[in-house]
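Analysis of the macromolecular model
Residues per chain, in single letters:
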Amino acid sequence: MFTGLVEHVGTIESLERRESGLPRIDTGARADCIGARIRVNAGPLAAGLAKSGSIAVNGCCLTAVELSGETFAADLSGETLRRTSFGEMKPGTRVNLERPLTAMKELGGHFVQGHVDGIGHVARLESEGANWWFGVCVPDELARYVAIKGSIALDGISLTVAGWHDGIVETAIIPFTYEHTNLASLKVGDPVNVECDVLAKYVERLIEKCEESSVSQLSVARLVEEGF
């Protein structure tokens, strides 16, 4: 569990892909990557990491499997590569890092699981005085989880939805956030990891189950009121 408050901006050192070795039927080339190992320079944050511990990299919860100086390595499954922007990353890419939430840590953002829902793309990054407007086009299947003034994590940054139009989430960025995250290195078209608010997913699933059980809308409303 994370908060979406970025602690440090690290850099990708390498991404070592693992291939299945199976031939494609069409071209005979090696099949898609079935996994990878990523190495990240975490700078001073590395001192607080432990082998087998968790860390969020651009909002994706990873397990540190190797530690060496200021660098840690983590393994990526094929599912992680498909769901996140890691597959498009190159050495030198700046990434947002956050260690897990602890019992005594201030919950200043929102509950971020580190379970990326999909890949969005930067649609807008424009200055407005000292502040910035950050717009991201989210996948169609995630649109139903977006709500004005609701929470969303973009590359692991806890943000508030300030605008929503044509499939684009608009968020207002203060100077501190711009300067202490990877936002300054992004440009229009770049991929961004998107995690929607987990509460919306559970409410949706509850309603689906109620509908499957032929429960009336009145009963659904009563369940929600009672905190289920």
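These lines cover the structure that appears in this document, whether it is placed above or below. All figures in this text were calculated on a predicted structure; none of them were measured in a lab. (Residues numbered from 1 in each chain as written. Predicted model: local features only at pLDDT ≥ 70, side-chain atom pairs only at ≥ 80, totals over all residues. Heavy atoms only, no water.)

Description of the overall build of the protein
The condition is simple: Helix and strand labels come from DSSP, where a helix needs a run of H or I of at least four residues and a strand needs a run of E of at least two; each type is numbered from the N terminus. Working definition: with a 1.4 Å probe on protein chains only, accessible area under 20% of the residue-type maximum means buried, over 50% means exposed, and in between means partly exposed. Whether two residues are in contact is decided by their heavy atoms: any pair within 4.5 Å suffices. Exposure was quantified through the Shrake-Rupley algorithm and a 1.4 Å probe, taking into account, for residues, occlusion by the shown protein chains and nothing else.
Along the protein, the regular secondary structure elements total four helices and 13 strands. By the burial criterion, 42% of the 228 residues in the protein qualify as buried. In the protein, the proportion of contacts linking residues at least 24 apart, taken out of those at least 6 apart, comes to 67%. Surface accessibility of the protein: about 12,200 Å² in total, with carbon and sulfur atoms responsible for 53%.

Side note on the sheet that holds strand β11 (residues 163-165)
Definition in use: When DSSP finds at least two bridges between two strands, those strands are taken to pair. Geometry is summarised by axes, namely lines fitted to C-alpha atoms with helices restricted to the contacting stretch, and by angles between N-to-C directions that run from 0 to 180 degrees.
The sheet built from seven strands is open, its strands ordered β10-β9-β13-β7-β8-β12-β11 with antiparallel pairing. Across the chains shown, the open sheet's two edge strands, defined by having one partner strand only, are β10 (157-160) and β11. The average undirected angle you get between the axes of adjacent strands in this sheet is 35°. Relative to strand β13 (residues 191-196), strand β9 (residues 151-154) is paired through three bridges, and the arrangement is antiparallel.

Observations regarding the pattern of salt bridges
Should the charged atoms of two oppositely charged side chains come close, the side chains can pair. Spelled out, the test is: Salt-bridge detection follows one rule: a side-chain nitrogen of Lys or Arg within 4 Å of a carboxyl oxygen of Asp or Glu.
With the rule as written, the count across this model stands at 14 salt bridges. The closest approach of N and O atoms between E66 and R37, which form a salt bridge, is 2.7 Å. Placement of E66 in strand β4 (residues 60-68) and of R37 in strand β2 (residues 33-41) is noted, with a sequence separation of 29 residues between them. On the basis of relative accessibility, which here comes to 32%, the residue E66 falls in the partly exposed class. A relative accessible area of 16% means that R37 is categorised as buried. Salt-bridge contacts for R124 lead to E170; the nearest nitrogen and oxygen are separated by 3.3 Å. Of this pair, R124 sits in strand β7 (residues 118-128) while E170 sits in strand β12 (residues 168-173), and the two are 46 residues apart along the sequence. Salt bridges sharing common partners tie together E16, R18, R37, R39, E66 and D75.

Here we look at the packing of aromatic side chains
Two descriptors summarise a pair of aromatic rings, namely the distance from one centre to the other and the angle between the planes of the rings. Definition in use: In summary, the pairing rule links any two rings of Phe, Tyr or Trp, Trp by its six-membered ring, whose centres are within 6.5 Å, and it sorts them by plane angle into stacked for under 30 degrees, edge-to-face for over 60 and tilted for everything else.
Under the definition given, this model contains one aromatic pair. Judged by centre distance (4.1 Å) and plane angle (5°), the ring pair of W132 and Y178 falls under stacked. Residue W132 is found in strand β8 (residues 131-137), and its partner Y178 is found in helix α2 (residues 175-179); the two are separated by 46 residues along the sequence. Taking the relative accessible area as the measure of exposure, Y178 reaches 16% and is therefore buried.

Describing the nonpolar core
Spelled out, the test is: Within this scheme, the nonpolar core is defined by two criteria: the residues are buried Ala, Val, Leu, Ile, Met, Phe, Trp, Tyr or Cys, and they are joined through side-chain atoms within 4.5 Å.
Judged by nonpolar contacts, the single largest core of 23 residues is most densely connected at I38, V57, L62, F72, L76, F86 and L97. Broken down by secondary-structure element, the contributors of at least two residues to this core are β1 (8-19), β2, β3 (54-57), β4, β5 (71-77) and β6 (94-98). Each residue touching V57, except ones within four places of it in the same chain, is listed here: L62, F72, F86, V95, N96, L97 and N193. Residues V146, I152, L154 and V169 belong to the second largest nonpolar core, which totals 21 residues.

Examining the environment of P91
Counting through the fold element by element, P91 comes out in the loop between α1 (78-83) and β6. Separated by 80 residues in the primary sequence, P91 and T11 place their C-alpha atoms 7.4 Å from one another. Each residue touching P91, except ones within four places of it in the same chain, is listed here: I12, E13 and S14.

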